[in-house]
Amino acid sequence: MIKLDIYEELDENSSLLKFLNSKFNSKLSVAEYKNFKNELITLLESQFNKETDIYYLISLNTCIIDELLRNIWKQFDISKDQATLIAIGGYGRREIFPGSDIDIMIVLEENTDSLLKSKIENFLTFLWDINLPIAQSVRSTKECIVEAKNDVTVMTSLMEHYFLAGNENLYQQIVALTKNQKIWPSKKYFKEKFIELEARHRKFGDTANHLEPNVKENPGGLRDIHTLRWLTNRHFNTFSFEELVDIGFFSVNEMNILLNGYKTIAKVRFALHLHAGRGEDRLLFDYQYDVASLLGFSNENRNQRVEDFMQTFYRASNQLSTLSEIIVNRLQTSIFPTVFKRRVKTINSRFQSRANLLEAVKPTIFLETPSAILEVFRLFQIHKNLIGPSDNLIQLIIENLSVIDDAFRENPENRELFIAILQDAELNSREIRRMAKLGVLGKYWPSFDAVTGRMQFDLFHVYTVDEHTLSVFSNASQFSNPNAEVEFATYHDIFMQTPKAIVLYLAALFHDIAKGRGGDHSELGENEAREFCLKHGLGTFDSNLVAWLVKNHLVMSMTAQNYDIDDPDVINEFAGNIGNLTRLNYLYLLTIADIQGTNPKLWNGWRSTLLNELYQNTARILRRGLSSPIKREELISEVKSSALQRLIAIGIPESNFLLLWKELDDEYFLRHSDEEVMRHTQAILEHKENDDVIVKIHQYSARGATEIFIYCRDRNYLFAHITFTLVKLGLSIVHARIITSKNGHALDTFLVLDNNGQAIDDENQCALVAEEITKILKYPDQITTSFSHGLSRRVRELQVPIEIYFDNYKADSQTIMELKAPDFSGLLAGLGNAFIDCDISVHNARISKLGERVHNIFQISNLDGSALSEVQQSHLADTIRNYLQQPKQIALAV
């Protein structure tokens, strides 16, 4: 029977004691040990619930691993004199989660004999055979010293140690090594770990508020707590945070925040490992509902259950992130005292600076002058030499947030100060984010506190509402800087045409503020924005403008994505809704800031060009006046006239192309630019045989995507064959124009992007695309390729519905089908196969996508040219859903 010191502290009926006593004996087989591991997980699952003390569970798991390793070590009869088994790293700090790596180090005496080395090799091999996630190292004491000197990571793992078995003298040598300040002295160690800390935070965008956070590595995750432990251990030679309270480095309040935050994050990680069945630290969409349920969240609404859970997680991680920053700054002051003991410079009667850090003159300043808590952030804008608040000032702010009450918010001086912070275009984004991080923004503006850590259940956003809001505000602020990143500087001229920047800034802050309240967040936010603006000194006109922008902040992107912006009727209606150029300029900038702050992958040359076209076309109408809208005939005439001049200029006789143009309906000239008409006409005229398949690729089109133009005899299933080929080649179709001439030729134009969301930049790839499309159009019966497709994890978890609507707009001949669905790589190919199965002919198509959602409109008919009956519509809808809802192999139908 194995003896364990901790037994004395456990009740004789404890599950740990019973479990170990029933399982361990002197000799167990590989199969028995593997089964033991499974039973261990079963035990942990049975012990885990929302009330469980996470410290107990982690200790339980760690102690069992201790005895498991000691038992196996004993089985291999490893000399007690020549080797020692030590827990290091995460295991050394007694923190083993269900899926954690088990970090061990075996330390050997010098000149170890071959027999001992063989036993150790067998010991380690056995651990791998029973599927223990071991991370091991085997070293002599001298090798430990060399490795620790050369690598701060090795030193860090050795600093957290625990004796398991073997020679205790060897273990004590390792203990002495970790205490040796000549190896990684405190200053040197701090510098290296601080660089590592900042790099890790940058990797995760300096925020914990990703929708699929890493509970260990994200800012505010467990690794931040580990880093604090390492840094304070090295400097103060302490082994627990409680010791830091005893020496006055931690306050009791900070200790409570740290412990409560740790309990929350650690419990999430424990549940995540149990659910995933492995050491998974990414809180993926697939896991969030089940982990929330394990943790006791019980709202019957699936999304609300996840939202409640994730908001709890984000609030805890953000608190830990802020506390980590405070402690690291304080430690830096302690380690490098001469740097921070410089001469004090008086700023005013309330604040001073030291080493360019802002300090409060006295600890009661916020109680005596509550408005000073906002003044802090304004001072950082005025005194640009200040690099940040001292850790004491940060602590004072957090401890005095209660001074921000209703009376504080109603105070005209404070309202004026808040608006002044917003209006500083150079530094407003930095200070608003700092206010949010320290809790000041949420206290001053309770609506922001309500969305802090709130999930966004859609296919676009990758951040929580608060993080997205701060990003959009930052983007909006950058438009004022002509030297900003190219993407923002491009819009500087338009920004300069807006009368007041504060209107754009407030619209950016309020555009999503009403999310999670139920109802239309744009309309709810509109009313709140108006009230806030009026209370903060904006005039009625400006307040109404901010409110209008909040209400309509999605209109421009939805119009560009979901409607044919080549259609003058669409532009005229959009311009009528906008009303004037001032509104258009504000809305355009807000839309760009919003999309770029939603998901970095959403913004690309294609989307930028699409919005710019809508902006330019709308501005043109607004300049000439809403009473003189652009007419279809006028636009068609302009396109034809310009294309005619271009063709004549390259030597093509007018008589040649005018004959071709007679075969094309007005729809073609409405949906193509003069340059596109010129290219298409030239390509067609260069091929004398009418039945030729023409595939022309324009690598970089004006719309920021690669244009693929196809001309051939129209036939059944043409759309399916083309889309199948493009998808098979790894291309994403972002726009399609399907035109059929009067003499039965298809003129189809597809705009595509590569896997990186960019136009194809390889001429060889362009040639391959042309070759493959030509082949499949000439010889469709020879193509038998298939490929797998499936919905992304996020789409599956969000359970996005597939919406299909029909309208027989030409009662006898055509049916309009509108499809809204989650996007995936095989969507159009699956859709094409559904058309084939149902004998559908495609006459026209508008394909658009935003994020992981598509909105496509098709003009379709039966193969005989008749409109679909209600029964046929229902059958087609069912067939489409069958193809799109279940992952499967898609084979090209012919």
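Being a predicted model, the structure only gives us computed values, none of them experimental.

### As for the nonpolar core
- If you look at the biggest cluster of nonpolar residues, it comprises 120 residues, and the most contacted ones within it are F366, I397 and W661.
- If sequence neighbours within four positions are ignored, I397 has contacts with F366, I373, V376, F377, L438 and V440.
- With 106 residues, the next largest nonpolar core counts L40, A165, I327 and I335 among its residues.

### So, the sheet that holds strand β11 (residues 732-740)
- Spatially, β9-β10-β12-β11 is the arrangement adopted by the four strands of the open sheet, whose pairing is antiparallel. Two strands bound the open sheet, and with one partner strand each, they are β9 (694-698) and β11. The average undirected angle you get between the axes of adjacent strands in this sheet is 15°.
- As judged from the five bridges shared by β9 and strand β10 (residues 706-713), these two strands associate in the antiparallel manner. What sits directly across from K696, in β10, is F709.
- Here helix α39 (residues 763-778) sits on the sheet in contact with β9 and β10, set at roughly 160° to β9.

### Thoughts on helix α7 (residues 152-159)
- Burial runs high along α7: six of the eight residues are buried.
- Of all the positions in α7, only V152, V154, M155, T156, L158 and M159 are classed as buried.
- The backbone nitrogen of T153 lies 2.8 Å from a side-chain oxygen of the residue at the head of α7, namely D151.

### Let's talk about a negative patch on the surface
- A contiguous patch of negative charge, built from D81, E109, E110, E143, E147 and D151, is present on the exposed surface.
- By the element assignment, D151 lies in the loop between α6 (141-150) and α7.

### Description of helix α42 (residues 870-885)
- Spanning 16 residues, α42 covers 22 Å between terminal C-alpha atoms, matching the ideal 22 Å at 1.5 Å per step.
- Turning to α42, its buried residues are Q873, L876, A877, T879, I880, Y883 and L884. Down the axis of α42, the sector holding all buried residues measures 165°, keeping them to one side. Among the exposed residues of α42, those oriented more than 90 degrees off its buried face are E870 and V871.

### Some thoughts on the side chain of D542
- Tracing the backbone through its elements, the reader meets D542 in helix α29 (residues 540-551).
- With relative accessibility at 10%, the residue D542 sits in the buried group.
- With residues near it in sequence (within four places) discarded, D542 still touches K500 and V503.

### A word on the sheet that holds strand β4 (residues 161-166)
- Ordered by their spatial adjacency, four strands build an open sheet running β3-β2-β1-β4, and the pairing between neighbours is mixed. The open sheet has two edge strands with one neighbour each: β3 (134-140) and β4. The mean angle between the axes of side-by-side strands here comes to 25°, regardless of whether they run parallel or antiparallel.
- Note: strand β1 (residues 83-88) against strand β2 (residues 102-108), five bridges, orientation antiparallel. Counted as the bridge partner of A83 is L108 from β2.
- This element, helix α8 (residues 168-179), spans β1, β2 and β4 of the sheet and lies at about 165° to β4.

Thresholds applied
Residues numbered from 1 in each chain as written. Predicted model: local features only at pLDDT ≥ 70, side-chain atom pairs only at ≥ 80, totals over all residues. Heavy atoms only, no water. Core = buried A, V, L, I, M, F, W, Y, C linked by side-chain atoms within 4.5 Å. Buried < 20%, exposed > 50% of the residue type's maximum accessible area, 1.4 Å probe, protein only. Contact = heavy atoms within 4.5 Å. Pairing = 2+ DSSP bridges. Helix = DSSP H or I, 4+ residues; strand = E, 2+ residues; numbered from the N terminus. Axes fitted to C-alpha atoms, helices over the stretch in contact; angles between N-to-C directions. Polar contact = N/O pair within 3.5 Å; in protein donor to acceptor, adjacent residues only side chain to side chain. Patch = residues over 30% accessible without salt bridge, like charges linked within 9 Å, V, L, I, M, F, W, Y side chains within 5 Å. Areas by Shrake-Rupley, 256 points an atom, 1.4 Å probe, with all protein chains shown as cover. Salt bridge = Lys/Arg side-chain N within 4 Å of Asp/Glu carboxyl O. Lys, Arg positive; Asp, Glu negative; His and termini not counted. Charge placed at Lys NZ, Arg CZ, Asp CG, Glu CD. Expected span 1.5 Å × (residues − 1). Arc of directions from axis to C-beta.

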